[in-house]
Amino acid sequence: MRVVIVTESFPPDVNGVAHCALQTARHLVDRGHAPLVVAPATAAGSGPDALAPCPVVRVPSLPLPGYPQVRVALPSRRVAAAITEHRADIVHLASPFILGVRGMAAAARLGIPAVAVYQTDLAGYARTYISAGEATAWRRIRSVHAAADRTLAPSSAALHDLEAHGVPRVRLWPRGVDTVRFRPDRRDEALRRELAPNGELIVGYVGRLAPEKQVELLAGACGLDGVRVVVVGDGPSETTLQSALPGAVFLGRRTGDELARIFASLDVFAHTGPFETFCQTVQEAMASGVPVVAPAAGGPLDLVAHGRTGLLVPPRDADAVRDAVWALASDPAVRAAYGAAGRAMVEGRTWAAVGDQLIGHYADVLSARKLVAA
């Protein structure tokens, strides 16, 4: 198959959309297919994409005001031209909202089937950033996804939200995790001594530092005796969080094997954001053999088996986060059991396995189109 992946983000960006688009392209190449990626240009321009396993077409972009790490594509004819020149059999829209809308329009105009992958809770973000606009966001989501031949939701909660807001033809497609990179034996005692020189229990957060992630909910955990909070990531809330989380260690953005070493060196992983359609970092923590504390909302509901691989807490409840961290801090045997169970739960969720599921969705869509044409 010749596949054009139109994505709102792609490496060197570090986020779930970029990572999933990269893994999708890699898997398609591994299976003998021919992908092409269309993505916003990076801040440094459109130089060579060293990480990409396939050609990448970059579209001019601007930084999102107040959040320069996020690039927004400008109107461009490159999207339609790329789809045409690649002779695409199918168009894959990764978290379509700006660039993906143009990709959907081009695919429809050219008569090429499209699969739209829902990855970002844009309605939740609208509620967080502008205290309104949720209905408008859902209208846009419904418009682009309704035009696609199939929408793929990453979790049961996301699937339910899409169907409840009138999006048709939704199927479940979860995310994979690199269980070779993220594994328990990467635990590094020297790193642990560096992060917690007095032998504190290490509680980590990994992700963007932005208002919707609500990382300030870890403030109560910072006040626990014998606990050291470690924050990995960057974003517009970093300065505010450094004041809100006294005693926390901020490591900035980390990736690759270095990130895997940090994950495995944690005692507890805590995620705080209530707007996750999936939550890849929870899977990476579980693959690393680390028990998880996460909100009982969105993607974590599918990932965390409460009382077996971690603890689910009410969203936006700092006291509940603190109490869950303390419960795990107080019981090393439970931490070890949850960590081992988490690793066992994700061992079959490789990118190869979920990539093959994606190819199956492509095949279904192409077959349905052929039936209609006949």
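Scroll up to find the structure.
Small disclaimer: the values here were computed from a predicted structure and weren't measured.

Conventions and cut-offs
Residues numbered from 1 in each chain as written. Predicted model: local features only at pLDDT ≥ 70, side-chain atom pairs only at ≥ 80, totals over all residues. Heavy atoms only, no water. Phe/Tyr/Trp six-rings, centres within 6.5 Å; stacked < 30°, edge-to-face > 60°. Buried < 20%, exposed > 50% of the residue type's maximum accessible area, 1.4 Å probe, protein only. Lys NZ or Arg CZ within 6 Å of the ring centre and 35° of its normal. Core = buried A, V, L, I, M, F, W, Y, C linked by side-chain atoms within 4.5 Å. Helix = DSSP H or I, 4+ residues; strand = E, 2+ residues; numbered from the N terminus. Contact = heavy atoms within 4.5 Å. Axes fitted to C-alpha atoms, helices over the stretch in contact; angles between N-to-C directions. Left-handed = near helix turned anticlockwise from the far one by under 90°. Nonpolar A, V, L, I, M, F, W, Y, C, P; charged D, E, K, R; others polar. Pairing = 2+ DSSP bridges.

Peer 1: Quick question: what am I supposed to make of the packing of aromatic side chains here?
Peer 2: By convention here, two paired aromatic rings are described through the distance between centres and the angle between planes. Scanning the entire structure with this criterion turns up three aromatic pairs. Taking the centre distance of 5.6 Å and the plane angle of 45 degrees together, the rings of Phe263 and Phe269 count as tilted. The same class applies to Phe263 and to Phe269, which are both buried. Members of the aromatic cluster, connected to one another through ring pairs, are Phe182, Phe263 and Phe269. Over the face of the ring belonging to Phe97 we find Arg140, whose NZ or CZ atom lies 5.1 Å from the ring centre.

Peer 1: Please clarify how the nonpolar core should be interpreted in this entry.
Peer 2: Inside soluble globular proteins, nonpolar side chains tend to come together where they are buried. In this structure, Val232, Phe263, Phe269, Val282, Val292 and Val304 are the most contacted members of the largest nonpolar core, which totals 29 residues. Only helix 7 (189-195), strand 10 (201-206), strand 11 (227-232), helix 10 (256-264), helix 11 (280-287) and strand 14 (292-295) provide two or more residues apiece to this core. Excluding residues within four positions of it along the chain, Val232 makes contact with Tyr205, Val206, Gly207, Leu251, Gly252, Arg254, Leu259 and Ile262. Ala221, Val231, Leu245 and Leu328 belong to the second largest nonpolar core, which has 27 residues in total.

Peer 1: What's the story with the packing of helix 3 (residues 99-110) against helix 5 (residues 134-147) in this structure? I'm lost.
Peer 2: A pair of packed helices can be characterised by two numbers: the angle between their axes and the separation between those axes. At their nearest, the axes of helix 3 and helix 5 sit 9 Å apart, and the two run at 35 degrees to each other. Pair helix 3 / helix 5 crosses with left-handed handedness. Residues Gly100, Val101 and Met104 of helix 3 pack against Arg140, Val144 and Ala147 of helix 5. Each residue belonging to the contact of helix 3 with helix 5 can be placed in one class, and the counts come to four nonpolar, one polar and one charged.

Peer 1: I tried to follow the sheet that holds strand 14 on my own but got confused; where do I start?
Peer 2: What links the strands of a sheet is backbone hydrogen bonding, and the strands pair in either a parallel or an antiparallel sense. Sheet architecture is open: six strands sit in the order 12-11-10-13-14-15, paired in parallel fashion. Edge positions in the open sheet fall to strand 12 (249-252) and strand 15 (310-313), since each of these has one partner strand only. For this sheet, the mean inter-axis angle between neighbouring strands, taken without regard to orientation, is 20 degrees. The pairing of strand 11 with strand 12 spans three bridges and is classified as parallel. Counted as the bridge partner of Val230 is Val249 from strand 12. Sheet strands touched by helix 13 (residues 318-329): strand 10, strand 13 (268-270), strand 14 and strand 15. Its angle to strand 15, the strand with the most contacts, is close to 165 degrees.

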